[in-house]
Structure formats: C-alpha cells, structure tokens
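The lines below spell out each chain.
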Amino acid sequence: MSRRTLALLPEVALVLLSVAVVATCGRLFTNTTFFLRLATFAVASHALAHVLRRRNVDLLLAALVSVAGFVVIAIWLLYPSSTLFGMPTADSISAVRHDFGTVYDQFQSVRSPTAVTPAFLLALGGALWWAAFVADWAAFRLWTAFEAIIPASSVFIFVSLFADKAHRIDSAALYGAAALGFLLSHRVARQRSTGVWVSDETRGPTSLLRVGGALIAVTVVLAAVVGPRLPGSTAEPVVSWRQSGTGPAARTTVSPMVQIKSRLVEQSDQELFTVQSDRRAYWRLTSLDRFDGNVWSSSGSYDKAHDSLPSGFDSNAPITTAEQTFQITALDTIWLPAAFQAARLQASGIAVRWEPVSSTLIVGTSLPSSDGLRYRVQSALPAFDAATLARVPSEDRLPDTIAERDLGLPPDFSRRAASLARSVVDSARATTPYAQALALQNWFRTNFTYDLRVPAGHSESAIDAFLTIRRGYCEQFAGTYAAMARSLGIPARVAVGFTPGEADGATRGLLHVQGRHAHA
C-alpha cells in the first residue's frame, strides 16, 4: 500500500465517522430528508479543514474561515430562497439568527421523532460542522487519535439521549464500527509516517489493516448480538434520568388518545372548561399526523405564540369567523382547545406556544397544565362546498409538504386494511378523492357499531381486530379510517378534542364541556 494511500485513509475514515453520526440522527426525525443536508454540513467542514490545513493556515484564522464557511453553507442548504443569485443577503442572515433564536424553544416543546425543520437542521448542522473541524485539528495537526473522536462522540451521545428508542443497537453498532475504523487507520498512517514499518507486507500496514478490520467486525457484531442479551441489560436504570427533575424541561405528557378513552368510559359529568362562542364547533386540542404502526402521535414543532397565528397551509375555501372565550377549569393537559383553524389569540400574561401545521396551541413549559387559564381565540372556519370538492380530480398532485406528512404509513402496514379500503371505494365506484373519502365514511357508518366496551388501541393489530368485530368507539373509528384513507392516497390525520358541549340555560352562547364530550 502506497504512502499516499495510507495518508488519505484516516482522513476518509474520519469523514465516514461524521457521516455515521449523521445517520444516527435518523432516530430524531420522522423521515430521511435530513440526511443529505446534514451530511453536506459534515463533509463540507472536513473538506474546508483539509484545505486550510494543507495551506498551513494558522489555527485561529482557520477557525474564523470555518465559521464563515458554515454560515454560507447553511444559507445555501436551508434558506436558498433568501439569497440573491446564490449570494447571502440580509434576509439570509435574519433567517439564520431567527432559527438559532427559536431552536431552543422548539427543542423544549417536542419529543422525538419529530418533523425535519430548518431550525433543527441548523442546530445539528452547526454541531456537526464544529465536530468535524475540531476532529481534523486533533487528528492531523496534533496527531492524537482518541481526542479526534471526542467531538463526534459528543454529538452521537447527545442524539442518543434524546432520540427515539428505535434502532438503538443499529446506531451504536454503526458508530462503534466507524470510530474503531478511524482509530485503526490513524494508527497505521501514524506509524507509517514515522518509518517504523519494514518492507515485509505480512508485518506491514496492509497486514495490520486486515487483522484490525477483522477484529473490529467481530467486536461490533458480538457487541450488537450479545450485549442486549446480557443479564440486566433490560433492567430498570439505576438513575431514571429521562423522568428526573421538576423544571419545565422535564415535563412528561400523556397522549390525548389515552385521556379520551378514560373520559369516554367514565362518561364523566365533570366540567373541564366553558366556552363563550358565537358558533358551536368542535373544540380541537390537536391533530395526530404520524402513525408508526402502534400509535397515532404528533410530530409538531412549537414556537412562541403571538397575537396573530400563522397558518401552516393556504386554502381557497370561504372563511367564516368565530370568536371564542375559554375558561379552563379541570382539563389537566398542556393543550389549549380552539375551533379549527385558530387565527388570532389573546392570552395576556400567559406563556403559549403555537404549531402552525397542525394549528395547535399548548401552554409554555413554565406551566404544568392549562387549568385555570382564560384566553380568547378568533378562528377562521373553512366552509367546504361539496360540489367544489367533488370536482377535484384524482390526478391532482398533492403539495410535497402534505404528501410527506399526511400520507405516511409503516412499510408493513396491514395488507388486509389496505385491500379492504380499496375494495370499499371500488364497490362504490368512487374515483375522486372526495368520493372515496365519503365512500369510506359511509361504509364505517353502515357496517360498524359504536361500543365503549372494547379494548383500547389503534395499532395495526387493533385495526385488524376492529375490522373483524366491527365494534368500537371513536378512537378505533378515527385511527382506522385515517390509516385506510392514507392507503388510498388520501391525506388524513386524527383530530382530538371535544364536541360542542351543553348549552347554558341562562347565558346565550355559553357552552359547558364535560369529560363525556371528549372525542377523536
């Protein structure tokens, strides 16, 4: 193996280590659109560090150039529309500063896996850029191998602490193999450069790479296979840090689906909140857009709410305005009910966050729940006309943002449910999205019985059970309908909230919403 090849080997291995860390970030997000952009951050930082080092640029100046390079790459990757012929503008810098300023609030408000947002990509891209620059400095300016993997290890550990539990073993194995591969190649290159090696290939760098590579492969495989099966590996942690702490960042919430089941079964007459409104409406808490095969959940990313609430999408439907004043008494959740779609908010002195894509309001992390709060919402209610909807052709292409978020199903989604959905719309000769949605709705209404005495759940096994016994309550109806609609290419989410409630006998427009009004 030539000296030049040996010299390049640890540089390539270090880049691969950074790319491996990028791959492990997949546990943070709901889709893979993050990968190319984060990998570009890492590779570009390594490339720039390599050029600066080869030109013997002073470390301090190299760091300043690297920071400038990060800003330029970030703008090109994340905010291309803000540039002028590819050159950053004042709007570009403003967008970077805004997302850096809001990413901490978003981080506190969501739980992985979450949607891929520019703010999260900017923060992770910055961490990966820094890690690559420092690693290059340690590996090839100081020629210290273990110190060189510390930056990447820091990013990997941070991701692991907050990532979804899925693919933990895969991620650890990938990172371990990449880290050990770099350490091996760095040692070989370092020893070769000092002239230690003799000419006999069986005792030279090629031999060490072969033996070391084999040992790395065996070690990683054994760790991945044997480690999870060792005694105590599935025991409760000595320190349950994920549930520790009492501050706002330590809050654990209960899925609104869980709360709906208990309230429906109890048929509680306890008043949860009152609403003074000029229109009766569905008092919506949130919408659940992600189905992983086991549960419907939300991938929303929240920011501070202001008086004007930006919309996550545009609609041509006519709008009717509704004014509501809520007084929360015993809701015991972080969500704030409102008629869809909330457009303006008056909540003086209350920390509130807003997720525009799902039109969801929650209390800030300084508040344990919404109980005791009073606030006013102005909603823009879309008035959908059946004739107009019926004219929308099936070949109309969905916007990418809607298709990506509202059509997702797990790869192993129930074939029975998908086949049954197709059979229902074919039997009804429904060809447009609106006709198919109605056909599926009518099939549920005429062939199923509403029944609270069935087990909870909306996983794939629960869906199949529901399709067999054809009895259930709103959780099964909503979750199954949404999943089957998605299998037909119809965007769907599960809305969670409350029916209008009981009218007050004395005050016009005042509605009392009780536990039994919970609904999906």
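Remember, predicted model here, so these are calculated numbers, not experimental data. Residue positions are counted from 1 within each chain, in the order its sequence is given. Local features in this predicted model are restricted to residues of pLDDT 70 or higher, and side-chain atom pairs are both shown and tallied only at a pLDDT of 80 or more, whereas totals for entire chains, interfaces and linings draw on every residue. Side-chain metrics rest on all non-hydrogen atoms present in the structure, leaving aside hydrogens and water.

Some points on the sheet that holds strand 9 (residues 342–346)
Here comes step 1: By definition, two strands form a pair when at least two bridges between them are found by DSSP. Numbering of helices and strands runs from the N terminus, with a helix taken as a DSSP run of H or I at least four residues long and a strand as a DSSP run of E at least two residues long. The strand order 9-12-6-1-17-16 describes an open sheet built from six strands, whose pairing is antiparallel. Strands at the two margins of the open sheet, each flanked by one partner only, are strand 9 and strand 16 (502–503).
Here comes step 2: Both strand 6 (residues 319–328) and strand 12 (residues 374–382) contribute to a ladder of nine bridges, which runs antiparallel. Bridged to Gln 327 within strand 12 is Arg 374.

Digging into the packing of helix 13 (residues 433–447) against helix 15 (residues 474–487)
To characterise two packed helices, one gives the angle between the axes of the helices and the distance between these axes.
Here comes step 1: Only the stretch in contact is used when fitting a helix axis, every axis being a line fitted to C-alpha atoms; angles between N-to-C directions are given from 0 to 180 degrees. The geometry of helix 13 relative to helix 15 is characterised by a closest axis approach of 11 Å and an angle of 145 degrees between their N-to-C directions. The two elements helix 13 and helix 15 cross, and the hand of that crossing is right-handed. Side by side, helix 13 and helix 15 meet where Ala 437, Leu 440, Gln 441, Trp 443 and Phe 444 of the first sit next to Phe 477, Thr 480, Tyr 481, Met 484 and Ala 485 of the second. By definition, any crossing whose near helix is turned counterclockwise from its far helix by less than a right angle is left-handed, and any crossing with a clockwise turn is right-handed. For this analysis, residues touch if any pair of their heavy atoms sits within 4.5 Å.

Examining the packing of helix 2 (residues 34–54) against helix 3 (residues 59–78)
Here comes step 1: Two elements in contact, helix 2 and helix 3, have axes whose closest approach is 10 Å; the angle formed by their N-to-C orientations is 150 degrees. Taken together, the axes of helix 2 and helix 3 lie roughly antiparallel to each other. Viewed along their axes, helix 2 and helix 3 form a crossing whose handedness is right-handed. Across from Arg 37, Thr 40, Phe 41, Ala 44, Leu 48 and Leu 52 in helix 2, the residues of helix 3 making contact are Ala 62, Val 65, Ser 66, Gly 69, Phe 70, Ile 73, Ala 74, Leu 77 and Leu 78.
Here comes step 2: Three residue categories are used. Nonpolar comprises Ala, Val, Leu, Ile, Met, Phe, Trp, Tyr, Cys and Pro, charged comprises Asp, Glu, Lys and Arg, and polar comprises the others, including Gly. Looking at side-chain class alone, the contact of helix 2 with helix 3 contains 11 nonpolar, three polar and one charged residues. For this classification, under 35 degrees means roughly parallel, over 145 means roughly antiparallel, 65 to 115 means roughly perpendicular, and everything else is oblique.

A short note on helix 15
Here comes step 1: In this model helix 15 runs 20 Å from its N-terminal to its C-terminal C-alpha over 14 residues, within 8% of the 20 Å that 1.5 Å per residue would give.
Here comes step 2: Burial here depends on accessible area, computed with a 1.4 Å probe over protein chains only, as a share of the maximum for the residue type. Under 20% is buried, over 50% is exposed, and the range in between is partly exposed. Burial of helix 15 is extensive: 12 of the 14 residues sit out of reach of the surface.
Here comes step 3: Buried within helix 15 are the following residues: Cys 474, Glu 475, Gln 476, Phe 477, Ala 478, Gly 479, Thr 480, Ala 482, Ala 483, Met 484, Ala 485 and Arg 486.
Here comes step 4: A positive phi of about 85 degrees marks Gly 489, the residue just after helix 15. The length a helix should cover is 1.5 Å for every residue beyond the first.

Regarding the pattern of salt bridges
Here comes step 1: Salt bridges are identified by distance alone: a Lys or Arg side-chain nitrogen within 4 Å of an Asp or Glu carboxyl oxygen. A complete count under the given rule lists 12 salt bridges for this structure.
Here comes step 2: In this structure, Arg 53 engages Glu 11 in a salt bridge whose closest nitrogen and oxygen atoms are separated by 3.2 Å. Within this pair, whereas Arg 53 is found in helix 2, its partner Glu 11 is found in helix 1 (residues 3–24), the two being separated by 42 residues in sequence. An identical accessibility class is assigned to Arg 53 and Glu 11; each is buried.
Here comes step 3: Its salt-bridge partner being Asp 451, residue Arg 471 comes within 3.1 Å of it at the nearest N-O pair. One end of the pair, Arg 471, is in strand 14 (residues 471–472); the other, Asp 451, is in the loop between strand 13 (449–450) and helix 14 (460–469), with 20 residues separating them in the sequence.
Here comes step 4: Exposure remark for Arg 471: the relative accessible area of 34% places this residue in the partly exposed category.
Here comes step 5: Residue Asp 451 is classed as buried on the basis of its relative accessible area of 8%.

Here we look at the pairing of strand 6
Here comes step 1: For strand 1 (residues 271–277) and strand 6, the ladder comprises five bridges, and the chain directions are antiparallel. Each bridged residue has a counterpart across the sheet, and for Ser 277 the counterpart in strand 6 is Gln 324.

Observations concerning a nonpolar patch on the surface
Here comes step 1: A cluster of nonpolar side chains, namely Val 218, Val 221, Leu 222, Val 225 and Val 226, defines an oily patch on the protein surface of about 410 Å² accessible area.
Here comes step 2: For Val 221, the position within the fold is in helix 8 (residues 205–226). Patch membership requires more than 30% relative accessible area and the absence of a salt bridge. Residues of like charge join within 9 Å; the nonpolar side chains Val, Leu, Ile, Met, Phe, Trp and Tyr join within 5 Å. Residue exposure ignores everything except the shown protein chains as possible cover, and the areas themselves are Shrake-Rupley values with a 1.4 Å probe.

Brief notes about the confidence of the model for the protein
Here comes step 1: A residue's pLDDT is the predictor's confidence in that residue, given on a scale from 0 to 100. Residues of the protein with pLDDT of at least 70 account for 84%, and the chain-wide mean is 83.
Here comes step 2: In this model, residues 195–203 is a region of pLDDT below 50 whose contacts with residues beyond four sequence positions or in other chains number 13 contacts.
Here comes step 3: Ignoring residues within four places in sequence, the model shows residues 240–254, a span with pLDDT below 50, making 18 contacts including any to other chains.

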